[in-house]
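One-letter residues, chain by chain:
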Amino acid sequence: MELRTRILPRMLNSEVEEYLTRNDIIIVPVGTVELHGGLPLDSETVISEAYALKMAEACDGLVLTGLPYFYAGATASGRGTVQVSVRQGIDYLGAIARSLLRQGFKRQVYISFHGPAHMTCSPMVRDFFDETGVPILYMDLTMQMMHSARDLFKTMDSFHAITVGAYDMMGRLADVPLTTEYHHDDPQSCAPFNDIFALAYQSAAIGYCFGDHKDHMSTPVIPDEAARAALAAEGRELIENLVARMDMPHVVAQMRSLEAYNIETAKKFPWVPYAGAVNGKA
């Protein structure tokens, strides 16, 4: 079936209902609005949305956009940063997940390119499973980048290229300003504490905020439109290559197989938290 768009908020209700007669996959990019050097505040939202769109194309899914306000973390020292608590984010995202399930989206994939997003997404995914018996998935895109595509990322410039490429893919390239003033190689002001920051995964070890706005993040020199277009082209290619390596058809097939496995497990061990939901006893 040819879809006019895969972005759910842009679809007609009739188009969504027609899609749900044949499939049940939705990709949910979880973003932030935060201090981001010489790039727009919603950079990490747009990156996730661009990835989500390519992932949905690869596995015949839809994309739920419009989720930019979640826990930002150390960038709260920037007055453009919108800071939502981890607990509030879990509750809000959980409400969305339950709505999507009622609508018919059983295979839900939550993604983010924001380091601390796991603190919001992972607890929600596990609590949702215990409540409903439905295994939904969180994919940490920074982890995917490090595990599956380290060879593609030679320097931090590759990361910035992804940012610019994502804006291009979402039809927003003009939102990336031409700038030369945010590039630097200075260490972060909080670098003396990297030893204790590294004692847990991605900002989850201890609380802090950046002491200098340039700590997040250095932005490459983008002097003119030609340079911006070149970064965008590099970024689009990187995104497409990483999504290809993710093998989304396999991922969503595994989600369906895991659900069947979980049902058999619940029959065998009826005291597991989700057993009532999957066995019809809740």
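Throughout, residues of each chain are indexed from 1 in the direction in which the sequence is written. Totals for whole chains, interfaces and linings use every residue, but because this is a predicted model, local features are given only for residues with pLDDT of at least 70 and side-chain atom pairs only at 80 or more, for both listing and counting. For side-chain calculations, the full set of non-hydrogen atoms in the structure is used, while hydrogens and water are omitted.

Asks: When you look at helix α8 (residues 225-246) in this model, what are you seeing that I'm missing?
Replies: For an α-helix, the turn length of 3.6 residues means that residues three or four places apart are oriented alike. Here α8 is 22 residues long and its end C-alpha atoms lie 31 Å apart, about the 32 Å a rise of 1.5 Å per residue gives. As used in this structure description, the phrase polar contact means that two N or O atoms lie within 3.5 Å; if the pair is within protein, one of them must be able to donate a hydrogen and the other to accept it, and residues adjacent in sequence are counted only when both atoms belong to side chains. Strands here are runs of E lasting at least two residues and helices are runs of H or I lasting at least four, both read from the DSSP assignment and numbered beginning at the N terminus. Here α8 starts with a cap whose side-chain oxygen sits 3.2 Å from the backbone nitrogen of A226, and that cap is D224. The positive-phi residue at the C-terminal boundary of α8 is D247, with phi of around 55 degrees. Helix span, expected: 1.5 Å multiplied by one less than the number of residues in the helix.

Asks: How should I be thinking about the packing of aromatic side chains in this particular structure?
Replies: Aromatic ring pairs are reported here in terms of the distance separating the ring centres and the angle at which the planes meet. For Phe, Tyr and Trp, rings pair up if their centres lie within 6.5 Å, where Trp contributes its six-membered ring, and each pair is then called stacked (planes under 30 degrees apart), edge-to-face (over 60) or tilted (otherwise). Scanning the model with the defined rule gives nine aromatic pairs in all. Ring plane angle 15 degrees and centroid distance 4.0 Å describe the contact between F197 and Y208, whose orientation is recorded as stacked. Remark: Y208 occurs in the loop between α7 (194-197) and α8 and F197 occurs in helix α7; sequence separation between them is 11 residues. For the exposure calls, accessible area comes from a 1.4 Å probe over protein chains only, and a residue counts as buried if that area is under 20% of its type's maximum, exposed if over 50%, partly exposed in between. Under the relative-accessibility criterion, F197 is labelled buried at 15%. A relative accessible area of 26% means that Y208 is categorised as partly exposed.

Asks: Looking at this structure, I do not really get helix α6 (residues 156-169). What am I missing?
Replies: With 14 residues, α6 extends 20 Å between its outermost C-alpha atoms, agreeing within 8% with the 20 Å of an ideal straight helix rising 1.5 Å per residue. Within α6, 11 of the 14 residues are buried, which leaves it mostly tucked inside the rest of the structure. What α6 keeps buried is the set S158, F159, H160, A161, I162, T163, V164, G165, A166, Y167 and M169. Throughout, a contact is declared for two residues whenever any of their heavy atoms are within 4.5 Å. Where the residues of α6 are buried, they touch α2 (43-59) and α8. Positive phi appears at G171, one or two residues downstream of α6, with a value of about 75 degrees.

Asks: Honestly, the packing of α2 against α6 in this entry has me stumped. Any pointers?
Replies: When two helices pack together, their arrangement is given by the angle between their axes and by how far apart the axes lie. For every element, the axis is a line fit to its C-alpha atoms; helices are fit only across the contacting stretch, and the angle between N-to-C directions ranges from 0 to 180 degrees. Put simply, α2 and α6 touch, their axes get as near as 8 Å, and they point 65 degrees apart. Between α2 and α6 lies a crossing of left-handed hand. From α2, S43, V46, I47, A50, Y51 and K54 reach across to α6, where they touch I162, T163, A166, Y167 and M169. Under the grouping applied here, Gly and all other residues not named as nonpolar or charged are polar, the nonpolar ones being Ala, Val, Leu, Ile, Met, Phe, Trp, Tyr, Cys and Pro and the charged ones Asp, Glu, Lys and Arg. In terms of residue class, the contact of α2 with α6 is made up of eight nonpolar, two polar and one charged. Here a crossing is taken to be left-handed if its near helix is turned anticlockwise relative to the far helix by less than a right angle, and right-handed if that turn runs clockwise.

Asks: Got a minute to help me understand the nonpolar core in this structure?
Replies: Soluble globular proteins: nonpolar side chains tend toward being buried together. Grouping buried Ala, Val, Leu, Ile, Met, Phe, Trp, Tyr and Cys residues that are joined through side-chain atoms within 4.5 Å yields what is termed a nonpolar core. One finds I27, Y51, M55 and Y110 to be the most contacted residues of the largest nonpolar core, which totals 73 residues. Ranked by residue count, the leading element in this core is α2, at nine residues. Contact partners of M55, with chain neighbours within four places excluded, come to I27, V109, I111, M139, V243, M246 and M248. One finds F129, A266, V272 and A275 within the second-largest nonpolar core, a separate group that totals five residues.

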